[in-house]
Amino acid sequence: MEVNKPRVIKDFDKLESKIQEQIKLVYPEGFSQNLITFTNKDGLLVSALPFETDEKYYLVRMTTQQAEDIISDDDDYDDEGMLKDESRLHYEDKYAELDYISESVDHADEDDDVADDDDMDDDDDDEADEDDDL
């Protein structure tokens, strides 16, 4: 995060729709597992979803339950909480010119590739992991 960027702390429903759509692209698997916590100016612990644009650093205020509710109520997400392909493709086309979106989507794809490789572990690795728990 750039030091000079203003921080914006807002609720998801108060964000412009274009920012909401961009957030969906960056977090296609939902929001709840990506929440962070910070202490606000009143000294209260707050959870939020981080999102960065070229101009601003957003902390989108939400609890885990609110994050899950937003996804379950959003027609862009399927019943498993995943961004639907048609929505993803529409938003990727719509925001293709934004470097920070393409970078975030590229990083998410790389993370998926790593996860796919882990899923292909053989049984020997699983046994080693069980020994580590002892």
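Look above for the structure.
Cut-offs applied
Residues numbered from 1 in each chain as written. Predicted model: local features only at pLDDT ≥ 70, side-chain atom pairs only at ≥ 80, totals over all residues. Heavy atoms only, no water. Helix = DSSP H or I, 4+ residues; strand = E, 2+ residues; numbered from the N terminus. Buried < 20%, exposed > 50% of the residue type's maximum accessible area, 1.4 Å probe, protein only. Contact = heavy atoms within 4.5 Å. Areas by Shrake-Rupley, 256 points an atom, 1.4 Å probe, with all protein chains shown as cover. Pairing = 2+ DSSP bridges. Axes fitted to C-alpha atoms, helices over the stretch in contact; angles between N-to-C directions. Patch = residues over 30% accessible without salt bridge, like charges linked within 9 Å, V, L, I, M, F, W, Y side chains within 5 Å. Salt bridge = Lys/Arg side-chain N within 4 Å of Asp/Glu carboxyl O. Lys, Arg positive; Asp, Glu negative; His and termini not counted. Charge placed at Lys NZ, Arg CZ, Asp CG, Glu CD. Phe/Tyr/Trp six-rings, centres within 6.5 Å; stacked < 30°, edge-to-face > 60°.

Observations regarding the overall build of the protein chain
Then step 1. Counting secondary structure elements, the protein chain contains five helices and four strands.
Then step 2. Counting helices and strands in the order they occur from the N terminus, the protein chain gives β-α-β-β-β-α-α-α-α.
Then step 3. Counting every position in the protein chain, which comprises 134 residues, the buried fraction comes to 32%.
Then step 4. Put simply, of all contacts in the protein chain between residues at least 6 apart along the chain, 58% involve residues at least 24 apart.
Then step 5. For the protein chain, the computed accessible surface area is about 9100 Å², with 42% contributed by carbon and sulfur atoms.

Structural notes on the pairing of strand β3 (residues 45-52)
Then step 1. The element β3 is largely enclosed, with a buried count of six among its eight residues.
Then step 2. Note that strand β2 (residues 36-39) and β3 share four bridges and pair antiparallel. By the bridge assignment, T37 is partnered in β3 with S47.
Then step 3. Taking the residues between adjacent antiparallel strands as the criterion, β2 and β3 are bridged by five residues, where G43 takes a positive phi near 85°.
Then step 4. Here five bridges tie β3 to strand β4 (residues 57-61), and the two strands are oriented antiparallel to one another. For P50, the partnering residue across the bridge sits in β4 and is L59.
Then step 5. Connecting β3 to the antiparallel partner β4 that follows it, the hairpin turn spans four residues.

Topic: the sheet that holds β2
The pairing of strands in a sheet happens through backbone hydrogen bonds and is either parallel or antiparallel.
Then step 1. Pairing in this open sheet of four strands is mixed, and the strands run β1-β4-β3-β2 from one edge to the other. Whereas interior strands pair on both sides, the edge strands pair on one side only; in this sheet they are β1 (7-11) and β2. Here the strands of the sheet are splayed against their neighbours by 45° on average, with no regard to which way each runs.
Then step 2. Relative to β3, helix α1 (residues 17-26) is tilted by about 90°, and along the sheet it contacts β3 and β4.

Side note on a negative patch on the surface
Then step 1. Among the surface-exposed residues, D54, E55, D99 and E103 lie close enough to one another that they form a single negatively charged patch.
Then step 2. Residue placement: D99 occurs in helix α4 (residues 99-119).

Some thoughts on the packing of aromatic side chains
Each pair of aromatic rings is reported with the distance of its centres and the angle of its planes.
Then step 1. Tallied over the full model, the rule gives five aromatic pairs.
Then step 2. Ring geometry for F12 and F31: centres 5.5 Å apart, planes at 50°, overall tilted. Placement of the pair is F12 in the loop between β1 and α1 and F31 in the loop between α1 and β2, with a sequence separation of 19 residues.
Then step 3. Residue F12 is classed as buried on the basis of its relative accessible area of 8%.
Then step 4. We classify F31 as buried; its relative accessible area is 1%.

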